[in-house]
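Here's the letter readout for the chains.
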Amino acid sequence: MAPKLLDQVRTALRTRHYSIRTEEAYIGWIRRYILFHKKRHPQEMGSKEINAFLSHLAEKRGVAAATQSQALNALVFLYKHILKIDTGDFDIIRAKKPKRLPVVLTRQEVLSVLSKLDGTRYLMASLLYGSGLRLLDCIRLRVKDVDLEMKQLTIRDGKGKKDRITMIPAQLLPLLERQRERVLALHDQDIRDGFGEAYLPNALAVKYLTAATEPGWQYMFPSRNRSIDPRSGTERRHHVHASSLQKTVKEAARQARILKPVNCHSFRHSFATHLLEDGYDIRTVQELLGHKDVKTTMIYTHVLNRGGRGVKSPLDTL
């Protein structure tokens, strides 16, 4: 008996090493697409039905362009890899993402938000700003990728499936050392309790059979409790959930009376902008951020000129 359609999608995603978050999102969009069309099989549908679904998301549900694009990516994956139908001939209407400048905090605003945090949350938020990390870069850090002697972080398999190296701010070195000691002590306790195995991508888990229990592979920011891996059913200690830091940062910004829409990514935007303000070369900033194209980094030069900061107003000449 052939596997059900969604099971086929799930298997194909795992074979291609998509993340669990992407897997859940794609499965969800495909299920909603099928239900929207009264449980018709996708094999019987095409660009007309895809456009109708995407239009429904935009017009009736009011989803953002990025969300609409993710739904489309899920459907393209379904048709290309499962149904073996080339979507290149489909007349699909793609959502146009609005071009917005990033929200950047002043140095004083960064300090104000960080002052409202403490403990591990302070350390994580400080790394977002001080090292230019994305939120997922931070929560996925492993012990082995934090080099305190070289004062650098190695970001593995970041956005775009790329590795990169960035700096560790000197003032965070003692905090990271204490965090590492706590992580290793917690790992020792997990080992004594019969656990202590960290999640490894499938290829690594097969190649390095004992790596999952080694100290270096443990997460720098582990969750408070162990949980069941939804894919393997194994009980292990995963990293902290992304939403916990997001909520904490938003609350800290509220307490600091910052009126801008602050989130974790605002720290990364501020990192890039402040480096450019300090005169660092844009190629250096591009490398630290891990941008594939310097054009992506160039947006921060526009931020520097926002509000005419690079131009003298004629009013001031009167």
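Everything here concerns the structure above.
Residues numbered from 1 in each chain as written. Predicted model: local features only at pLDDT ≥ 70, side-chain atom pairs only at ≥ 80, totals over all residues. Heavy atoms only, no water.

(A) Inspection of the sheet that holds strand β2 (residues 152-155) at higher detail. Pairing within the open sheet is antiparallel, and its 3 strands lie in the order β1-β2-β3. Looking at strand neighbours, the two that pair on one side only are β1 (146-147) and β3 (164-167), the edges of this open sheet. (Pairing = 2+ DSSP bridges. Helix = DSSP H or I, 4+ residues; strand = E, 2+ residues; numbered from the N terminus.)

(B) Inspection of unusual backbone geometry at higher detail. Residue Lys-84 is not a glycine yet carries a positive backbone phi of 55°. What makes Lys-84 exposed here is its relative accessible area of 61%. Positive phi is not limited to glycine here, since Arg-257 has a value of about 60°. Along the chain, the position of Arg-257 falls in the loop between α10 (242-255) and α11 (264-277). (Buried < 20%, exposed > 50% of the residue type's maximum accessible area, 1.4 Å probe, protein only.)

(C) Structural view of the pattern of salt bridges. By the definition in use, this model includes 18 salt bridges. In this structure, the salt-bridge partner of Glu-23 is Arg-14, at a minimum N-O distance of 3.0 Å. Residue Arg-14 is classed as partly exposed on the basis of its relative accessible area, which comes to 26%. Note that Arg-237 and Asp-190 form a salt bridge whose closest N and O atoms lie 2.7 Å from each other. With a gap of 47 residues between them, Arg-237 in the loop between β5 (235-236) and α10 and Asp-190 in helix α8 (residues 173-192) connect regions that are remote in the sequence. An identical accessibility class is assigned to Arg-237 and Asp-190; each is buried. Each of the salt bridges in this network shares a partner with another, and the network as a whole consists of Asp-7, Arg-10, Arg-14 and Glu-23. (Salt bridge = Lys/Arg side-chain N within 4 Å of Asp/Glu carboxyl O.)

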